[in-house]
Amino acid sequence: MEIEFEEGSGNVFADLGFEDAEERFARAKLGACVFRILDEAGMTPEAIGSLLSLSSEEVAHLLDGHFSRFSTDTLLDFLKRLDRKVTIRITPHHPGEPYHDIALGP
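Below or above, wherever it landed, is the structure these notes cover. Note that this is a predicted model, so its numbers are computed, not measured. (Residues numbered from 1 in each chain as written. Predicted model: local features only at pLDDT ≥ 70, side-chain atom pairs only at ≥ 80, totals over all residues. Heavy atoms only, no water.)

1. A word on the side chain of N11
Looking at the element boundaries, N11 is found in the segment before helix 1 (12-15). A relative accessible area of 5% means that N11 is categorised as buried. Not counting chain neighbours up to four residues away, the residues in contact with N11 comprise A21, E22 and F25. (Helix = DSSP H or I, 4+ residues; strand = E, 2+ residues; numbered from the N terminus. Buried < 20%, exposed > 50% of the residue type's maximum accessible area, 1.4 Å probe, protein only. Contact = heavy atoms within 4.5 Å.)

2. Some points on helix 5 (residues 72-81)
Among the residues making up helix 5, those that are buried are L75, F78 and L79. For helix 5, the angular spread of buried residues about the axis comes to 100°, placing them on one side. Along helix 5, exposed side chains directed more than 90 degrees from the buried face belong to D73 and K80. Of the surrounding elements, those touching the buried residues of helix 5 are helix 2 (21-41), helix 3 (45-52) and helix 4 (56-63). (Arc of directions from axis to C-beta.)

3. Regarding the pattern of salt bridges
Using the criterion set out here, one finds three salt bridges in the structure. Taking the shortest distance from any N to any O, the salt bridge between R24 and D20 comes out at 2.8 Å. The partly exposed category is assigned to R24, whose relative accessible area is 25%. In the salt-bridge network here, residues are joined through shared partners; they are D77, K80 and R81. (Salt bridge = Lys/Arg side-chain N within 4 Å of Asp/Glu carboxyl O.)

4. Points about the packing of helix 2 against helix 5
In contact at an axis separation of 10 Å, helix 2 and helix 5 are set at 20° when each is read in the N-to-C sense. By the angle between their directions, the pair helix 2 and helix 5 is classed as roughly parallel. When the axes of helix 2 and helix 5 are compared, the crossing they make is left-handed. The segment helix 2 lies against helix 5, with E23, R27, L30, G31, V34 and I37 engaging T72, L75, L76, F78 and L79. Grouping the amino acids of the contact of helix 2 with helix 5 by side-chain chemistry returns seven nonpolar, two polar and two charged. (Axes fitted to C-alpha atoms, helices over the stretch in contact; angles between N-to-C directions. Parallel < 35°, antiparallel > 145°, perpendicular 65-115°, else oblique. Left-handed = near helix turned anticlockwise from the far one by under 90°. Nonpolar A, V, L, I, M, F, W, Y, C, P; charged D, E, K, R; others polar.)

5. Overview of a nonpolar patch on the surface
A contiguous nonpolar surface patch, about 280 Å² in accessible area, is contributed by V12, L16 and F18. In this fold, F18 is placed in the loop between helix 1 and helix 2. Its relative accessible area of 34% is what places F18 among the partly exposed residues. (Patch = residues over 30% accessible without salt bridge, like charges linked within 9 Å, V, L, I, M, F, W, Y side chains within 5 Å. Areas by Shrake-Rupley, 256 points an atom, 1.4 Å probe, with all protein chains shown as cover.)

6. Describing unusual backbone geometry
Even without being glycine, S53 reaches a positive phi, approximately 55°. In this structure, S53 sits in the loop between helix 3 and helix 4. Taking relative accessible area as the criterion, S53 reaches 51% and is therefore assigned exposed. In this model, D83 sits at a positive phi of 60°, which is unusual for a non-glycine residue. Mapped onto the secondary structure, D83 falls in the segment after helix 5.

Following this line, the structure appears as structure tokens:
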């Protein structure tokens, strides 16, 4: 019996048919960067809340990966508070590539 499958686009939100898939994917990537920095720093939820000016409930959402609860601007502000530089580079779009490319550097 042959198993049917469909190759994903690389953006799960687009694959699920969300109209704002690119924005959701960008927020997910930014949130993942924030999460990774916090995880590597080993900060307590209390320290995270203090640094990012978040309630304990908001910290829990952030640590549980509910990045859609935060705007792109808020996630960028978190990165600033974590002493990270964010560089935005504008280039022509090529067919088949994502519109947003976000990566955490060294």
